[in-house]
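Listed below are the residues making up each chain.
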Amino acid sequence: MWFDGKFVGDAESHMSLLSHSLHYGGAVYEGIRFYEFPHNFWRSVFRLQDHIDRLLASAQAMDMEVPYRAEELCEAVLESVRASNLQAGYIRPAIFRGEGIGLMSPGIVVHAMIAVLELPHGPKSINLATSKMIRLHPHSSDIKAKVAGHYVNSYLAAAAAKKLGADDALLLDYEGNVAETSVANVFFVKGEKIFTPKADNIFPGITRDTILSFGNYEERNVSLEEAKDAEAMFVTGTACEVLPVARLDDKVFDTEHRFVQRMRSYFWGVVDSSIPVSKAKSWLDTLEPSTWASRLMKGEE
Ligand code: PMP
């Protein structure tokens, strides 16, 4: 675990039980994936710079003075991936306040951590249930910041959906339009059109942005009725990648729809660099092969 500028073991990676962020929910974080593909064996971190920029923007929204620059955090992420020796996985950087009880307590130390975890690819499709809980109102928080406290809304919606037998919740925004799931953005397909809710009342994900780089989409308000009238639906997020939705309440979607397959292929083509997207040049930070891959290349496995 990278913690405040150095790699530490379990014994040293402690924080105070009186952490301001623990009590008031103000930690900010990111989820980033790295991949290794058989055709090149080199591990690549996907859209690292964008994730670190968003992490620092989230910290700024929470008035945290981060003692690291973006380049230092990017380098620390790459070092953490190297140290993990995993072929592929999930990176969780977080910035949070240390000890200090009292909402506006001054002078609290700001900490940073980076963990690298295994995260297998998820299921082939998911079922959603429309939530009774609405997504955060854009004036009740800074909803573009990835703040731990926002995930109380996500958790409660997802937990209620699971109790109904679904995998996740679809949340509407305060105006009654479709917003997003607890942790992912949503897209719909009808006829020749791909459409997705406007960025106003959602957390506009980096995976969503990757899909938008394909072009040929519409960003607009989507009513629940229109959502259920679509032929196909898919969700996007760092953890779930591009994932077809099989059901929304009692509506059944076509998970094999050609547009959903096309978007999946496009996403994977960008991630494994087989599709040259001009913008995507800076989207992959490449690291040397993992030990496993080096051994395979040397014929030792
Ligand atoms: N919406 C919410 C609420 C999320 O938590 C996430 C995951 N960060 C997303 C959308 C997707 O964002 P990204 O593609 O950047 O992972």
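Cut-off values and rules
Each chain carries its own residue numbering, running from 1 in the direction its sequence is written. A pLDDT threshold of at least 70 governs which residues receive local features in this predicted model, and a stricter bar of 80 or more applies before side-chain atom pairs are shown or counted, although totals over entire chains, interfaces and linings include all residues. For the side-chain quantities, the full set of heavy atoms in the structure was used; hydrogens and water were omitted. Proximity criterion: a residue is near a molecule or strand once any of its heavy atoms comes within 4 Å of it. Pairing of N or O atoms within 3.5 Å defines a polar contact, subject to two protein rules: one partner must be a possible hydrogen donor and the other a possible acceptor, and residues neighboring in sequence count only if both atoms are side-chain atoms. Working definition of accessibility: Shrake-Rupley area with a 1.4 Å probe, residue cover restricted to the visible protein chains. In this analysis a 1.4 Å probe is tested at points of a 1 Å grid over the protein atoms alone, and where it fits but cannot get out there is a cavity; an open set with protein on both sides within 12 Å along at least five of seven lines is a pocket; lining residues have an atom within 4 Å of a point. A pocket or cavity is taken to hold a molecule when more than half of that molecule's atoms are within 2 Å of the pocket's grid points. Each residue is assigned to one of three groups, with Ala, Val, Leu, Ile, Met, Phe, Trp, Tyr, Cys and Pro labelled nonpolar, Asp, Glu, Lys and Arg labelled charged, and all others, Gly among them, labelled polar. In this text, buried Ala, Val, Leu, Ile, Met, Phe, Trp, Tyr and Cys residues form a nonpolar core when linked through side-chain atoms within 4.5 Å. A 1.4 Å probe rolled over the protein chains alone gives each residue an accessible area, and that area as a share of the maximum for its type sets the label: buried under 20%, exposed over 50%, partly exposed in between. Under the scheme used here, helices are H or I runs from DSSP no shorter than 4 residues and strands are E runs no shorter than 2 residues, and both carry numbers assigned from the N terminus. Residue contacts are counted whenever heavy atoms from the two residues lie within 4.5 Å of one another. Strand pairing is defined by DSSP finding a minimum of two bridges between the two strands. Within the patch definition used here, like charges are joined within 9 Å and nonpolar side chains (Val, Leu, Ile, Met, Phe, Trp, Tyr) within 5 Å, considering only residues with over 30% relative accessible area and no salt bridge. Any Lys or Arg side-chain nitrogen located within 4 Å of an Asp or Glu carboxyl oxygen qualifies as a salt bridge. For helices, the fitted axis covers only the stretch in contact; all axes are lines through C-alpha atoms, and the angles between them, taken along N-to-C directions, range from 0 to 180 degrees. Small angles under 35 degrees read as roughly parallel and large ones over 145 as roughly antiparallel, with 65 to 115 read as roughly perpendicular and the rest as oblique. Crossings are assigned a handedness: left-handed for a near helix turned anticlockwise from the far helix by less than a right angle, right-handed for a clockwise turn. Grid points are joined across faces, edges and corners, and a volume is the space filled by probe spheres set on the points. One fewer than the residue count of a helix, multiplied by 1.5 Å, yields its expected span.

### Structural notes on the site of the ligand
Among the 16 residues in the neighbourhood of the ligand, the closest are listed as Lys146, Tyr151, Glu180, Thr207 and Thr238. The side chain of Arg54 places a nitrogen or oxygen atom 3.0 Å from an oxygen atom of the ligand. Between the ligand and Glu180 there is a distance of 2.7 Å, counted from a nitrogen atom to a side-chain nitrogen or oxygen. If the ligand stood free it would expose 390 Å²; the protein chains cover 96% of that surface. Under a 2 Å grid-point criterion requiring more than half of the atoms, the pocket assigned to the ligand is the largest pocket. A breakdown of the residues in the shell around the ligand according to their chemical character gives 5 nonpolar, 7 polar and 4 charged.

### Concerning the nonpolar core
Of all hydrophobic cores here, the largest spans 27 residues; its most connected members are Val45, Leu48, Ile52, Ile91 and Ile95. When residues of this core are traced back to their parent elements, those giving at least two are β4 (32-36), α2 (48-61), α3 (70-84), β6 (89-97) and β7 (110-117). Ranked by the residues each element gives to this core, the list is headed by α3, at 7 residues. In this structure Ile52 touches Ala70, Leu73, Cys74 and Val77, once residues within four positions along its chain are discounted.

### Structural notes on the pairing of strand β10 (residues 178-181)
Relative to β10, strand β9 (residues 168-172) runs antiparallel, the two being bridged by 3 bridges. Bridge pairing in β10 links Leu170 to Thr181. Counting the residues that bridge the hairpin from β9 to β10 gives 5 residues, and of these Gly176 lies at a positive phi of roughly 90°.

### A short note on a nonpolar patch on the surface
Nonpolar side chains collect at one region of the surface, where Leu18, Tyr24, Ile101, Leu103 and Met104 lie side by side and expose about 540 Å² of accessible area between them. In this fold, Ile101 is placed in the loop between β6 and β7.

### Quick look at the packing of α2 against α3
Where α2 contacts α3, the axes come no closer than 10 Å and their chain directions differ by 125°. In terms of orientation, α2 and α3 fall into the oblique class. Taken as a pair, α2 and α3 cross one another with a handedness that is right-handed. Within the contact between the two elements, α2 uses Leu48, Gln49, Ile52, Asp53, Leu55 and Leu56 and α3 uses Ala70, Leu73, Cys74, Val77 and Leu78. Within the contact of α2 with α3, the residues separate by chemical class into 9 nonpolar, 1 polar and 1 charged.

### Describing the side chain of Thr207
Take Thr207: it is sitting in helix α5 (residues 206-212). In terms of polar contacts, Thr207 uses its side chain to reach the backbone amide nitrogen of Thr238, at 3.3 Å. Those residues within four positions of Thr207 in sequence are excluded, and the remaining contacts are Thr236, Gly237, Thr238, Glu241 and Phe267.

### Thoughts on the layout of surface pockets
The space that makes up the largest pocket amounts to roughly 730 Å³. The wall of the largest pocket is formed by 37 residues, among which Ser182, Val183, Ala184, Ala239 and Cys240 lie closest to the centre. At the level of elements, β6, α4 (151-163), β10, α5 and β14 (232-237) are the ones that each hand at least two residues to the lining of the largest pocket. With 5 residues, the single largest contributor to the lining of the largest pocket is α4.

### Section: α3
For α3, spanning 15 residues, the distance from its first C-alpha to its last is 21 Å, which sits close to the expected 21 Å at 1.5 Å a residue. When we look at burial in α3, the residues that qualify are Ala70, Leu73, Cys74, Ala76, Val77, Leu78, Ser80 and Val81. One or two steps after α3, the chain reaches Asn85, where phi turns positive at roughly 55°.

### Thoughts on the side chain of His257
Considering the arrangement of structural elements, one finds His257 in the loop between β16 (251-252) and α7 (258-271). Under the relative-accessibility criterion, His257 is labelled buried at 6%. Separated by 3.1 Å, the side chains of His257 and Glu231 make a polar contact. Apart from residues no more than four positions distant in its own chain, His257 is found in contact with Val189, Glu231 and Ala232.

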